[in-house]
Amino acid sequence: MLRTWKMSYRNTQNPFLLMRYSIVTLEILNLLVNIQLHFSERSSLYVITQLSWTKVKPMLCTDAIERAWQILDKIPGRATGAYSHSQGIKGLRDEIAAGIAARDGFHASGDNIFLTDGASPAVHMMMQLLIRSEKDGILCPLPQYPLYSASITLHGGSFVPYFLDEETGWGLEVEELKKQVDEARSKGITVRALVVINPGNPTGQVLAEENQKKIVEFCKNEGLVLLADEVYQENIYVEDKQFHSFKKIARSMGYTDDDLPLVSFQSVSKGYYGECGKRGGYMEVTGFSADVREQIYKVASVNLCSNIGGQILSSLVMNPPKAGDESYESFMVEKDGILSSLARRAKALEEAFNSLEGITCNKAEGAMYLFPRLHLPQKAIGAAQAAGASPDAYYALRLLQATGIVVVPGSGFGQAPGTYHFRCTILPQEDKIPAIISRFKEFHEKFMDEYREESLASNECREEPSASNESREEASVSNESREEASASTESLEEASASTESREEASASTEKRGD
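It should be emphasised that the depicted structure is a prediction, and the values quoted were computed from it without experimental measurement. (Residues numbered from 1 in each chain as written. Predicted model: local features only at pLDDT ≥ 70, side-chain atom pairs only at ≥ 80, totals over all residues. Heavy atoms only, no water.)

Caption draft 1: Highlighting the overall build of the chain. When helices and strands are tallied, the chain shows 17 helices and twelve strands. Counting over 514 residues, the chain shows a buried share of 47%. Taken as a whole, the chain presents about 25400 Å² of accessible surface, with 51% of it coming from carbon and sulfur. (Helix = DSSP H or I, 4+ residues; strand = E, 2+ residues; numbered from the N terminus. Buried < 20%, exposed > 50% of the residue type's maximum accessible area, 1.4 Å probe, protein only. Areas by Shrake-Rupley, 256 points an atom, 1.4 Å probe, with all protein chains shown as cover.)

Caption draft 2: A look at the nonpolar core. In terms of nonpolar packing, the biggest core is built from 81 residues, with Leu227, Phe265 and Met283 touching the most fellow members. Counting residues in hydrophobic clusters, the runner-up holds 30 residues, among them Tyr162, Ala184, Val191 and Phe413. (Core = buried A, V, L, I, M, F, W, Y, C linked by side-chain atoms within 4.5 Å.)

Caption draft 3: Structural context of the pattern of salt bridges. Considering all chains together, one arrives at 20 salt bridges under this definition. The closest approach of N and O atoms between Arg67 and Glu95, which form a salt bridge, is 3.0 Å. Placement of Arg67 in helix H4 (residues 62-74) and of Glu95 in helix H5 (residues 90-104) is noted, with a sequence separation of 28 residues between them. The class of Arg67 is buried, set by a relative accessible area of 10%. Between Glu222 and Arg185 there is a salt bridge; the shortest N-O distance is 2.8 Å. One end of the pair, Glu222, is in helix H9 (residues 209-222); the other, Arg185, is in helix H8 (residues 174-186), and 37 residues separate them in sequence. (Salt bridge = Lys/Arg side-chain N within 4 Å of Asp/Glu carboxyl O.)

Caption draft 4: Representation of a nonpolar patch on the surface in the model. On the surface, a nonpolar cluster with roughly 270 Å² of combined accessible area is contributed by Leu397, Leu400 and Val406. Among the secondary structure elements, Leu400 is positioned in helix H15 (residues 391-403). (Patch = residues over 30% accessible without salt bridge, like charges linked within 9 Å, V, L, I, M, F, W, Y side chains within 5 Å.)

Caption draft 5: Seen up close, the packing of H4 against H5. Interaxial distance between H4 and H5 falls to 7 Å at its minimum, and their mutual angle equals 125 degrees. In this view, H4 runs oblique relative to H5, as classed from their interaxial angle. Of the residues in H5, those in contact with Arg67, Ile71 and Lys74 of H4 are Gly91, Leu92 and Glu95. Grouping the constituent residues of the contact of H4 with H5 by class yields two nonpolar, one polar and three charged. (Axes fitted to C-alpha atoms, helices over the stretch in contact; angles between N-to-C directions. Parallel < 35°, antiparallel > 145°, perpendicular 65-115°, else oblique. Contact = heavy atoms within 4.5 Å. Nonpolar A, V, L, I, M, F, W, Y, C, P; charged D, E, K, R; others polar.)

Caption draft 6: Fine view of the packing of aromatic side chains. The tally for this structure, following the rule as stated, stands at 15 aromatic pairs. Measuring from centroid to centroid gives 6.1 Å for Tyr395 and Phe422, while their planes differ by 20 degrees, and the two rings are stacked. With Tyr395 in helix H15 and Phe422 in strand E12 (residues 420-425), this residue pair connects regions lying 27 residues apart in the sequence. In terms of burial, Tyr395 and Phe422 fall into one category: buried. The structure contains a cluster of three or more aromatic residues connected by ring pairs, namely Phe353, Tyr394, Tyr395, Phe422, Phe440, Phe443, Phe447 and Tyr451. Above the face of the Tyr369 ring, Arg423 is positioned so that its terminal group lies 3.9 Å from the ring centre. (Phe/Tyr/Trp six-rings, centres within 6.5 Å; stacked < 30°, edge-to-face > 60°. Lys NZ or Arg CZ within 6 Å of the ring centre and 35° of its normal.)

Caption draft 7: Structural view of the environment of Gly281. Take Gly281: it is sitting in strand E7 (residues 281-286). Gly281 gets classed as buried once you look at its relative accessible area, which sits at 2%. Counting along the chain gives 16 residues from Gly281 to Phe265, while the straight-line C-alpha distance between them is 7.6 Å.

Caption draft 8: A look at the sheet that holds strand E4 (residues 190-197). With mixed pairing, seven strands are arranged side by side in an open sheet as E1-E7-E6-E5-E4-E2-E3. Each edge of the sheet is formed by a strand with only one pairing partner; in this case those strands are strand E1 (113-116) and strand E3 (158-163). Going from strand to strand, the sheet's axes swing by 20 degrees on average, the running direction of each strand aside. Relative to E7, E1 runs antiparallel, the two being bridged by four bridges. Of the residues in E7, the one forming a bridge with Ile113 is Glu284. Taken strand by strand, H8 contacts strand E2 (136-142), E3 and E4, and its axis lies near 150 degrees from that of E3. (Pairing = 2+ DSSP bridges.)

Caption draft 9: Focus on unusual backbone geometry. Backbone torsion omega between Leu142 and Pro143 reads 0 degrees, so that peptide bond is classified as cis. Take Pro143: it is sitting in the loop between E2 and helix H7 (147-154). Cis rather than trans, the peptide bond between Asn198 and Pro199 has omega equal to -5 degrees. Looking at where Pro199 falls in the secondary structure, it is placed in the loop between E4 and H9. At Leu304, a position not held by glycine, the phi torsion is positive, near 65 degrees. With respect to the secondary-structure elements, Leu304 resides in the loop between helix H11 (290-302) and helix H12 (308-318). Residue classification places Leu304 among the partly exposed residues on the basis of a relative accessible area of 42%. One non-glycine residue with positive phi stands out, namely Ala367, at about 60 degrees. Along the chain, Ala367 falls in the loop between strand E8 (359-360) and strand E9 (369-370).

Caption draft 10: Examining H12 more closely. Burial of H12 is extensive: ten of the eleven residues sit out of reach of the surface. With a side-chain oxygen positioned 3.3 Å from the backbone nitrogen of Gly309, the residue opening H12 is Asn307. (Polar contact = N/O pair within 3.5 Å; in protein donor to acceptor, adjacent residues only side chain to side chain.)

Caption draft 11: Looking closely at the pairing of E7. Among the six residues that make up E7, six are buried, leaving the element largely enclosed by the rest of the structure. Examined bridge by bridge, strand E6 (residues 262-267) and E7 share six bridges and lie antiparallel to one another. Looking at the pairing, Phe265 lines up with Met283 of E7.

Caption draft 12: Geometry of the pairing of E12. Judged by how many residues are buried, E12 sits mostly within the fold: five of six residues are covered. Here E9 runs beside E12; their pairing, made up of two bridges, is antiparallel. Bridging from a neighbouring strand, Leu370 pairs with Cys424 of E12. When strand E11 (residues 408-409) meets E12, the two strands line up antiparallel, connected through two bridges. Each bridged residue has a counterpart across the sheet, and for Pro409 the counterpart in E12 is Phe422.

The structure is reproduced here in structure tokens:
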């Protein structure tokens with residue numbers, strides 16, 4: 001174990017990552033220190049411990065080591081293998097709250113933080129609390145990350161969709177929200193909450209500040225809980241947009257906890273860190289009464305607590321190295337490098353898609369995805385239907401078989417009727433993007449040609465019989481002329497004999513058919 005542990009340090013250059021590894025180091029050392037009480041200084045375990053630390057320590061920045069000790073001191077008994085408070089370790093929740101306050105410019109409390117194993121369990125928790133029966137509905141965007149529709153179904157609620165406007169860059173129109181709420185209520189459904197994903201998944205849009213204000217006002221007027229999926233908050237790729245949390249927007253409008261129930265979800269799986277396997281995340285819960293908060297805590301307690309490593313990483317994500325720290329400069333170089341690379345990949349893919357016949361693609365403003373629209377030939381749509389697949393799924397499968405490139409059909413996220421899309425990530429390494437684009441273009445052009453050529457061939461086949469008919473008509477005219485010119489009787493008799501032969505052949509065919 002120690003050999004693997006040391007090798008992981010040797011291959012790590014990011015000081016921010018080293019901060020995390022130093023915590024693991026101290027966890028191991030803390031365990032070994034207790035074991036050393038039972039061994040002499042000459043024991044092999046004692047020697048291994050000292051040698052390992054001697055080699056690792058010079059690789060770590062001073063502030064990383066110091067931060068690791070601070071975090072361990074926040075854990076009761078430094079017991080990283082024990083259960084924590086059901087909301088998460090108090091000291092870590094306070095650090096996350098401090099990070100939120102620094103981001104938004106408004107107060108945040110660790111008491112409002114519920115640490116979870118990624119954002120998904122937090123979403124499930126809120127759905128469980130909000131949904132009482134199939135008569136309770138949750139407004140969700142289409143296209144949407146399927147977690148929401150699945151969670152609503154799992155907990156027995158009603159999925160109330162609202163469509164994002166592709167023509168305006170996947171805009172969220174309040175008029176559309178109002179229309180869907182009124183329609184749901186006319187069916188006896190109580191709409192309890194609005195889900196907003198910003199930046200968008202799978203659509204990649206970033207909401208404008210004025211749009212967010214209208215959404216906050218809508219939720220307040222309609223008495224809805226605002227569920228803000230903000231896990232892509234670090235992933236912004238356009239200069240004219242920036243991330244604003246819905247809590248910041250609400251507070252800037254003068255709304256307090258008494259005005260708007262709001263839940264914000266965050267995860268360590270996205271951003272520039274992308275530690276999806278660590279299962280770290282949280283939700284910040286504001287605007288609920290003491291009685292409701294008590295129920296939220298009870299539901300959280302059912303799961304005992306989230307994993308300690310994920311809790312630690314969540315606190316680091318919201319409190320990365322700061323100006324003046326030894327690791328800050330190199331940390332910022334790597335962070336900016338990752339985000340700028342993602343922006344270049346997004347732009348390259350967007351331009352490639354828009355250069356192709358039959359594909360249109362909105363700008364990727366944020367998140368990690370593009371959601372291009374397919375304008376498929378009718379022949380391709382017919383082929384998909386014959387194969388028992390939706391046209392976008394048929395296209396995606398053909399793409400996979402031909403190139404090995406995996407995209408997700410738009411039908412998996414929901415889309416406006418009569419439209420077809422696919423979701424494409426921007427996550428392959430930047431140096432592999434050109435080859436991916438090249439393979440994709442080659443496939444797409446062949447795919448379009450395949451169905452266009454079949455269509456043209458079909459038209460040509462239909463034209464050929466027409467030409468043949470014209471020839472026969474011309475021949476008929478010619479015969480009439482010859483008849484008028486007293487054509488030979490022999491020729492007519494031969495034609496008659498030929499006809500009789502065809503009739504006999506026809507009769508023979510009928511007999512065989514019988």
